[in-house]
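These are the residues of each chain, in order.
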Amino acid sequence: MATTEIPDLGTDDGKPWHLSGNNAPVFDELTVTDLEVKGSIPTELQGRYFRNGANPQSGTSDHWFVGDGMIHGVELSNGKANWYRNRYVRTPMFDNPDKERMELYLDMEKGAFNYEVSVANTSILGHANKIFALEEGSFPYELSRDVETIGYHDYGGKLTTAMTAHPKVCGETGELLMFGYSSLPPYLVYHRVSADGELLQSEEITVGGPTMMHDFTVTRNHSIFLDLPAVFDMEEAMSGGMPIKWSDDYPSRFGVMPRAGKDSDVKWFDVNPCYVFHTLNSYEDGDEIVVNGCRLREIWRNSSDIAVSSDPNPEDAPMMWEWRLNMETGTVSERQIDDRGSEFPKIPESLVGLRNRYGYCLSTGDGGITSEDEGGATIKYDLANGGASEKHNYPAGHFPGEPSFVPAEGAVNEDDGYIMTFVYAGDTNTSYLSILDASNISANPLAEIHIPQRVPTGFHGTWISDS
Ligand SMILES: [Fe+2]
């Protein structure tokens, strides 16, 4: 999320970029049926696409990451787009719009956080027949298929920490691996949840301090923590800002632990200083653990502003990298796969933790403001072919979000499937759900499902199939 392609509008009315153009919130919660479609929706797509994002109900927020969560959903069946619904997640933050988060979040008597307090604005998870809206400071919030809020979920009282917005569901077993981090001890707690949704294990992991750990990654046998130098700054927290700063003194490390292991089993690997908001995937290759992710050379040295500039430094863009961690020798090798900006990486869910060939990302260009005569792009990496890439370029003034991969029925090849993303059409100030053929990504979309209001730029989405 660090640098992103911003629709052409820059700032308007003196508002910060994260509240301007298509980043500005929408306020109407619509239910629209029988959506207009250009092209044809593959009839095998039976289910719903949900996407989360920050959409402050007051119209304003101090930072891109902190607005109230709003879910945009589209239901598909039998080649038709049945409905579009957008709904705020009903959280204590939504219900108390005049309160500062810390007033609700910090329980002064217990000296602990109240994890029911959330904006639930970051991602969507389908697991064990439940749908969750996630935000990394809090418990997950369960949603209905119709995008209504059911309430927070704490795994029957067993979850006693926040839950990351980037848990991993094992592609083989359906087990859910996740963690919670905090600015108060314990700084990091790992959790393992069975395929049917029972929390089986919670394990405190020793780290050097409180950091923002946005993502992690898993392989068939291991869970991998990214302990990186985005460190909590209490002074900043008390002044109401985003309380995280880069530290040159905090080492960058990846920690590898057996999936059902303990703190003492974690093998730590020093890596070159960096920040990784999002991993693509990881897998085992002989003695090595291979991690792919979108690497930034640093974040938030002077402030937590997201880098958006008309004259950006290309080196500040997030780029696809590979780390190889040798479990026998303890050594690490690092390799840049692409020198163009890419973020919001995704693979087929069936390959989480297993060797993947392809990866799909949002092109972030050079991290600057894209001009009106350009459009955004989705990138497909072929990692078996040296990281070669193919692009889908959207029309001028059209900007996609994170690409979700949806497998085709009876798929033979890894890329037999579809890429789904909401696209903002600047020329009409509306949006559409785009469906691309993942095996021929540069071709015209198979379908564009028209959404009668714009879907603001958001964070993460997912397809949840009826099966
Ligand atoms: Fe994220």
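One can find the structure itself at the top, above this paragraph.
About the thresholds
Residues numbered from 1 in each chain as written. Predicted model: local features only at pLDDT ≥ 70, side-chain atom pairs only at ≥ 80, totals over all residues. Core = buried A, V, L, I, M, F, W, Y, C linked by C-beta atoms within 7 Å. Buried ≥ 20, exposed ≤ 12 C-beta atoms within 10 Å, placed from the backbone. Helix = DSSP H or I, 4+ residues; strand = E, 2+ residues; numbered from the N terminus. Contact = placed C-beta atoms within 7 Å. Pairing = 2+ DSSP bridges. Axes fitted to C-alpha atoms, helices over the stretch in contact; angles between N-to-C directions.

Undergrad: Whenever I open this one, the nonpolar core confuses me. Can you help?
TA: Where a protein is soluble and globular, its nonpolar side chains tend to be buried together. By size, the foremost hydrophobic cluster in this structure holds 111 residues, and its most contacted members are A133, L188, F254 and L433. Per-element tally for this core: the top contributor is strand β32 (residues 417–425), with seven residues. Once residues within four sequence positions are removed from consideration, F254 is found in contact with I224, F225, L226, F269, V271, V291, W323 and L325.

Undergrad: Help me understand the sheet that holds strand β24 (residues 319–326), please; the structure alone is not making it clear to me.
TA: In any sheet, the strands associate via hydrogen bonds between backbone groups, in a parallel or an antiparallel arrangement. If you walk across this open sheet you meet the four strands as β22-β23-β24-β25, and the pairing is antiparallel. Each end of this open sheet is capped by a strand with a single partner; those strands are β22 (275–285) and β25 (332–336). Strand-to-strand twist across the sheet, computed as the mean angle between neighbouring axes with direction ignored, equals 20 degrees. With nine bridges connecting them, β22 and strand β23 (residues 288–296) associate as antiparallel partners. Each residue of the ladder has a partner; that of D285, found in β23, is E288.

Undergrad: Explain the sheet that holds strand β1 (residues 31–33) here, please?
TA: Here five strands make up an open sheet; going across it, the order is β1-β5-β4-β3-β35 and the pairing antiparallel. At either end of the open sheet lies a strand with only one pairing partner, and these are β1 and β35 (461–465). Averaged over all pairs of adjacent strands, the angle between their axes in this sheet comes to 15 degrees, without regard to strand direction. Sheet analysis places strand β3 (residues 47–54) next to β35, joined by five bridges and oriented antiparallel.

Undergrad: Can you help me understand unusual backbone geometry in this one?
TA: Keep in mind that most residues, glycine aside, have a negative phi and that most peptide bonds are trans. A cis geometry characterises the amide bond from P185 onward to P186, with omega recorded as -10 degrees. Tracing the chain through its elements places P186 in the loop between β13 (176–181) and β14 (188–193). A positive phi angle, close to 50 degrees, is found at D34, a residue other than glycine. Inspection of the secondary structure assignment puts D34 in the loop between β1 and β2 (37–39). The phi torsion at N429 lies on the positive side, around 55 degrees, for a residue other than glycine. Relative to the helices and strands, N429 resides in the loop between β32 and β33 (430–437). Its 11 C-beta neighbours within 10 Å are what place N429 among the exposed residues.

Undergrad: Explanation requested: the pairing of strand β4 (residues 69–77) in the structure shown.
TA: Two faces, one strand: in a regular strand the side chains alternate between the faces of the sheet. Buried residues dominate β4, accounting for eight of its nine residues. Relative to β4, β3 runs antiparallel, the two sharing eight bridges. Residue G53 lies in a different strand from β4, and its bridge partner there is M70. The sheet contact formed by β4 and strand β5 (residues 80–88) spans eight bridges and is antiparallel.

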